[in-house]
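Coordinate analysis (summary)
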Amino acid sequence: MRTLDELLAEGVAGRRVLVRADLNVPLDGDTITDDGRIRASLPTIRRLSEAGARVVVTAHLGRPKGAPDPKFSLAPVAARLGELLGMPVPLAADLVGGSARSTVDGLVDGGVALLENVRFDARETSKDDAERGELAGELAALVGESGVFVSDGFGVVHRKQASVFDVARVLPGYAGGLVLAELEVLRRLTGTPDRPYVVALGGSKVSDKLAVIESLLPQLDRLLVGGGMCFTFMAAEGLGVGDSLLEAEMIDTCKRLLAEAGDKIVLPADVVIADEFSADANTHTVLAAQMREGWKGLDIGPITAERYGEVLAEAGTVFWNGPMGVFELAPFAEGTRAVAQAIVDSTAYSVVGGGDSAAAVRTLGLPEDRFSHISTGGGASLEFLEGKELPGIAVLETP
Ligand code: ADP
Ligand code: MG
């Protein structure tokens with residue numbers, strides 16, 4: 001795989017470089033509520049700009065339906081990117097049309113421009129190779145003869161999309177700094193991690209995380225289960241779960257996992273239950289064996305948090321994906337806070353994966369720099385850990 005360093009060594013001054021970044025930030029109206037992904041994209045863009053490249057950034061925002069939709073305009077992102085870079089970042093009004101061409105033509109050496117939301121074009125996510133290839137060709141045309149492609153949107157490298165995959169077949173492709181950093185961390189987790197290797201999994205659904213559980217179980221020493229998914233495991237143990245999130249069709253799978261690796265899997269001993277999904281619900285803390293009909297479990301309880309904390313304190317390596325409870329609502333944030341704090345306090349090599357988990361770290365005010373790595377790509381890191389091939393990486397290896 002060719003890397004950003006190799007591209008810089010070749011020399012980029014005056015050349016147009018198309019960078020696929022992941023700038024898919026959460027928005028409240030047009031206010032960015034967490035700019036973590038924009039900040040993570042800065043080093044690669046900055047290095048290219050400082051080397052005199054004319055940087056053309058392409059990215060998506062949200063899930064528009066393959067057509068322009070002002071709600072999903074990258075305008076707030078262009079403004080924030082410009083603030084962080086300390087120079088204006090013009091936003092083309094389209095992706096590969098007249099505005100994109102004139103914006104790119106207007107770039108000076110070291111300048112950075114952003115193309116409008118790549119998912120405004122239905123060809124980006126098309127299942128049809130020819131359709132995606134056509135868009136990739138139009139993106140490549142924007143950067144012209146001496147143009148190259150830098151793949152730096154780690155959060156999308158598991159997608160076989162025009163701006164991620166196909167474009168690397170029509171332009172010389174290089175892995176950006178963020179992609180390389182993420183891969184290095186994940187290789188450390190799948191190589192020979194320092195032991196004990198502890199994985200804390202939460203979030204909403206077992207079905208989302210089943211593949212990663214299956215592939216990590218043989219490698220890990222302890223799996224700490226929380227979040228909505230713990231209730232399907234509890235049901236598999238024969239416990240009542242009241243109105244908690246339950247994936248009934250997954251109970252048999254959870255039974256099998258418990259039979260195969262029950263000594264490694266740790267389930268909550270107590271649970272915070274509520275009579276409704278709201279910040280001012282009535283709540284109680286009950287033992288796992290005493291869940292109540294009509295009540296839902298929305299967080300792990302304090303006994304569980306302490307027990308998980310003890311396991312994490314001893315860990316050599318930690319991978320954490322998925323909040324332990326509904327941390328967005330204050331009464332159900334303590335389990336996630338306690339687990340995150342235990343990771344911060346431990347000396348383990350620690351990796352956080354998953355958009356909501358990363359958001360929890362920031363919104364609960366934990367020090368980001370006390371985790372060894374906070375991944376920008378939830379789905380991509382899970383697929384890597386599952387042993388799946390990531391199309392956006394594979395194409396850089398063999399275009
Ligand atoms: P990540 O993005 O980190 O991979 P997920 O997307 O899998 O995490 O899950 C995050 C969501 O899981 C959060 O919005 C959180 O509110 C929810 N969640 C956690 N615990 C529960 C629970 N007990 N019941 C329902 N939802 C839960
Ligand atoms: Mg999520």
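To keep things clear, this report deals only with the structure shown in the data block. (Residues numbered from 1 in each chain as written. Chains lettered and ligands numbered in written order. Predicted model: local features only at pLDDT ≥ 70, side-chain atom pairs only at ≥ 80, totals over all residues. Heavy atoms only, no water.)

**Concerning the pattern of salt bridges**
Taken as a whole and judged by the stated rule, the model has 22 salt bridges. For R16, the salt bridge identified is with D105, shortest N-O distance 3.0 Å. Residue R16 is found in strand β1 (residues 16-20), and its partner D105 is found in helix α4 (residues 98-105); the two are separated by 89 residues along the sequence. For D105, a relative accessible area of 54% translates into the label exposed. D35 is the partner of R39 in a salt bridge, and the nearest nitrogen-oxygen pair spans 2.8 Å. Among the residues examined, R39 registers a relative accessible area of 35% and is labelled partly exposed. Several salt bridges converge on common partners, so that one network encompasses D35, R39, R80 and E83. (Salt bridge = Lys/Arg side-chain N within 4 Å of Asp/Glu carboxyl O. Helix = DSSP H or I, 4+ residues; strand = E, 2+ residues; numbered from the N terminus. Buried < 20%, exposed > 50% of the residue type's maximum accessible area, 1.4 Å probe, protein only.)

**Considering the site of ligand 1**
Surveying the vicinity of ligand 1 reveals 18 residues, the closest of which are K209, G297, E328, D356 and S357. Taking N321, its side chain carries an N or O atom lying 3.5 Å from an oxygen atom of ligand 1. For ligand 1, the accessible surface in isolation is 580 Å², of which the surrounding protein chains cover 85%. Looking at the shell around ligand 1, the elements that each hand over two or more residues are β13 (296-300) and α13 (355-363). Its residues assigned to classes, the shell around ligand 1 shows four nonpolar, eleven polar and three charged. (Near = heavy atom within 4 Å. Polar contact = N/O pair within 3.5 Å; in protein donor to acceptor, adjacent residues only side chain to side chain. Areas by Shrake-Rupley, 256 points an atom, 1.4 Å probe, with all protein chains shown as cover. Nonpolar A, V, L, I, M, F, W, Y, C, P; charged D, E, K, R; others polar.)

**Some details on the sheet that holds β1**
Within the open sheet, the five strands sit side by side as β5-β4-β1-β6-β7. Their pairing is parallel. With partners counted over all chains shown, the strands left at the sheet margins are β5 (112-114) and β7 (173-175), one partner each. Along the sheet, successive strands turn relative to each other by an average axial angle of 25°, direction set aside. Sheet topology note: the β1/strand β6 (residues 148-151) ladder contains four bridges and is parallel. Within the sheet, the bridge partner assigned to V19 lies in β6 and is V150. Sitting on the sheet, helix α2 (residues 36-50) touches β1, β4 (54-58), β5 and β6, and the angle it makes with β4 is about 155°. (Pairing = 2+ DSSP bridges. Axes fitted to C-alpha atoms, helices over the stretch in contact; angles between N-to-C directions. Contact = heavy atoms within 4.5 Å.)

**Focus on the packing of helix α7 (residues 177-190) against helix α14 (residues 378-385)**
In contact at an axis separation of 10 Å, α7 and α14 are set at 35° when each is read in the N-to-C sense. Here α7 and α14 pass one another in a crossing that is right-handed. Where α7 abuts α14, its residues L183, L186, R187, L189 and T190 lie against S381, F384 and L385. Of the residues in the contact of α7 with α14, the class split is five nonpolar, two polar and one charged. (Left-handed = near helix turned anticlockwise from the far one by under 90°.)

**Digging into the pairing of β1**
Along β1, four of the five residues are buried, which leaves the element largely enclosed by surrounding structure. Here β1 runs beside β4; their pairing, made up of five bridges, is parallel. Bridge pairing in β4 places R20 opposite T58.

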